[in-house]
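# Notes for the structure review
Next come the chains, spelled out residue by residue.
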Amino acid sequence: MRDLNLKATEYFEAVARLGSVTKAAEELGISPSAVSQQLSILEAQLGVKLFRREKRRLVLTLDGDRLFQTTTQAFGAIRNARSAISFQRDRRNFVIRVSPSFGVRWLGPRVGAFAAENEDWNIRIDATPDFSAFETENVDVDLRYGMGTWTGVAVTPLMHDLVLPLCSPAYLERLRAIDPDPARQLAGARLIDSVKTLYRWDLWLAFNKIHIPKINYPLRFDRSSMSIEMAKQGGGIALDSVTLCLGELQRGELVPFSTDFDVIDFPAYWFVCPSRHLNRRIVQRFSQWLTLSCKNHDDVARAHLKGLGCRFRPGSPTDLIDVKPWGL
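Model, not experiment: these values are computed from the prediction.

### Points about helix α11 (residues 242-251)
When you tally the buried positions in α11, you get seven out of 10 residues, the bulk of the element. Taken together, the buried positions of α11 are occupied by Val242, Thr243, Leu244, Cys245, Leu246, Glu248 and Leu249. The N-capping residue of α11, defined by a side-chain oxygen 3.1 Å from the backbone nitrogen of threonine 243, is serine 241. Among the residues trailing α11, glycine 252 stands out with phi positive, at a value near 80 degrees.

Written out as structure tokens, the structure is:
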């Protein structure tokens, strides 16, 4: 590649694509003689003829056509990339970071409505468990799952989590056939562990005073979306978020394991950004849209759970931090 005259190759590609030295010169903004000179240099370098004249027309030779097929794809890709970069530069960008399961299951299906209302913005969503380093990363807002205790940033509550054991109707029937008591059913059930949730099985069991001598997690996932999918397939019971699987509950693909146990109701989703970002118009627009969308979703989720006979226990993750496994 060091021996290849890239300028001459660019001029050759333009002549071959346009079929004329004059047209190529106009596109390149140089004189026809300069184009012809570069073609001669390239032919001398390669040791072959790239064009032949037929009735005052330039026609590619076999070697010329072989070179053109390669160079036109390469230069075409470069032109497309340059256009895309220029277009991106001229448009305004809005970068959202979001917890993965919340991004895939909740934000993803809804953000198109916000994009349609803000067509003059490029919207990028970065789904990652890593918290944004706003001082060094180009991120406008961060939608986080957690306890909301981050410092040095503005933290606004978005939505509560509604957590309870969930399983498929078929799996629930199998458990009920074994034993009518929900507490004893759990001892023989496959417990699906979502390892990054705030409320996990050991804390939930302790709070509900259910003692399982040897807790076994045959299925463990680091994403709630995977735990929910496994429960929907009949793989066991997931202790997870109705916020992330309301659709499955509404369709009857998942059901509460037992309404004897309260739904754990606590703030878990947060709008996070530096205070200075709150003055940006696009951040204000997104915050208003998101707040309304979260409220509508929360209202529907609570109404559906109440219709199933569920009760709610308000609380926060700190309620269970000091709880020891029941009976130990």
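There is more to say after this.
### What about the environment of aspartate 262?
Relative to the helices and strands, aspartate 262 resides in the loop between β10 (255-256) and β11 (263-273). Owing to a relative accessible area of 26%, aspartate 262 belongs among the partly exposed residues under this scheme. Along the sequence, aspartate 262 and arginine 311 sit 49 residues apart, while their C-alpha atoms lie 5.0 Å from each other.

### Description of the packing of aromatic side chains
The full count for this structure, using the stated rule, is 16 aromatic pairs. Geometrically, the ring pair formed by phenylalanine 102 and tryptophan 106 is stacked, given 5.1 Å between the ring centres and 5 degrees between the ring planes. Placement of the pair is phenylalanine 102 and tryptophan 106 together in helix α5 (residues 100-107), with a separation of four residues, close to one helical turn. With centroids separated by 6.4 Å and ring planes inclined at 90 degrees, the aromatic side chains of phenylalanine 131 and phenylalanine 134 adopt a geometry described as edge-to-face. Its end group placed over the ring of phenylalanine 207, arginine 313 keeps NZ or CZ at 4.2 Å from the ring centre.

### Quick notes on the pairing of strand β6 (residues 154-167)
Most of β6 is tucked away: 10 of the 14 residues are buried. Across nine bridges, β6 lies against β11 in antiparallel orientation. In the sheet register, proline 157 faces β11, and the bridge partner there is tryptophan 270. For β6 and strand β9 (residues 237-241), the ladder comprises four bridges, and the chain directions are antiparallel. Counterpart to leucine 164 in the pairing with β9 is aspartate 240. Pairing of β6 with β10 involves two bridges; the strand directions are antiparallel. Across the sheet, cysteine 167 pairs through a bridge with valine 255, a residue of β10.

### Details of the pattern of salt bridges
For the coordinates displayed, the defined rule picks out 26 salt bridges. Note that glutamate 27 and arginine 17 form a salt bridge whose closest N and O atoms lie 2.7 Å from each other. Here the residue glutamate 27 occupies a position in helix α2 (residues 21-28), and arginine 17 occupies one in helix α1 (residues 6-18), the gap between them amounting to 10 residues. Among the salt bridges present, the one from glutamate 229 reaches lysine 232, with a minimum N-O distance of 3.4 Å. With glutamate 229 and lysine 232 both in helix α10 (residues 224-232) and three residues apart, this pair spans about one turn of that helix. By sharing partners, the salt bridges in this structure join Arg105, Glu229, Lys232 and Glu248 into a single network.

### Description of the confidence of the model for the chain
This prediction gives the chain a mean pLDDT of 88; 92% of its residues lie at or above 70. Between residues 320-328, whose pLDDT stays under 50, and residues either more than four places distant or in other chains, the model counts 14 contacts.

### What about the nonpolar core?
Counting 68 residues, the largest nonpolar core has Leu107, Leu143, Leu186, Phe286 and Leu290 as the members making the most contacts within it. Counting residues per element, this core draws most heavily on β11, at nine residues. Not counting the four nearest positions on each side in its chain, leucine 143 is found in contact with Ile96, Arg97, Val98, Ser99, Phe102, Leu107, Leu158, Trp270, Phe271, Phe286 and Leu290.

### A look at the packing of α5 against α11
At their nearest, the axes of α5 and α11 sit 9 Å apart, and the two run at 35 degrees to each other. Here the hand of the crossing between α5 and α11 comes out left-handed. Counted together, Ser101, Phe102, Arg105 and Trp106 of α5 and Thr243, Leu244, Cys245 and Glu248 of α11 form the full contact between these two elements. Of the residues assigned to the contact of α5 with α11, the class counts are four nonpolar, two polar and two charged.

What counts, and at which threshold
- Residues numbered from 1 in each chain as written.
- Predicted model: local features only at pLDDT ≥ 70, side-chain atom pairs only at ≥ 80, totals over all residues.
- Heavy atoms only, no water.
- Buried < 20%, exposed > 50% of the residue type's maximum accessible area, 1.4 Å probe, protein only.
- Helix = DSSP H or I, 4+ residues; strand = E, 2+ residues; numbered from the N terminus.
- Polar contact = N/O pair within 3.5 Å; in protein donor to acceptor, adjacent residues only side chain to side chain.
- Phe/Tyr/Trp six-rings, centres within 6.5 Å; stacked < 30°, edge-to-face > 60°.
- Lys NZ or Arg CZ within 6 Å of the ring centre and 35° of its normal.
- Pairing = 2+ DSSP bridges.
- Salt bridge = Lys/Arg side-chain N within 4 Å of Asp/Glu carboxyl O.
- pLDDT = per-residue confidence, 0-100.
- Contact = heavy atoms within 4.5 Å.
- Core = buried A, V, L, I, M, F, W, Y, C linked by side-chain atoms within 4.5 Å.
- Axes fitted to C-alpha atoms, helices over the stretch in contact; angles between N-to-C directions.
- Left-handed = near helix turned anticlockwise from the far one by under 90°.
- Nonpolar A, V, L, I, M, F, W, Y, C, P; charged D, E, K, R; others polar.

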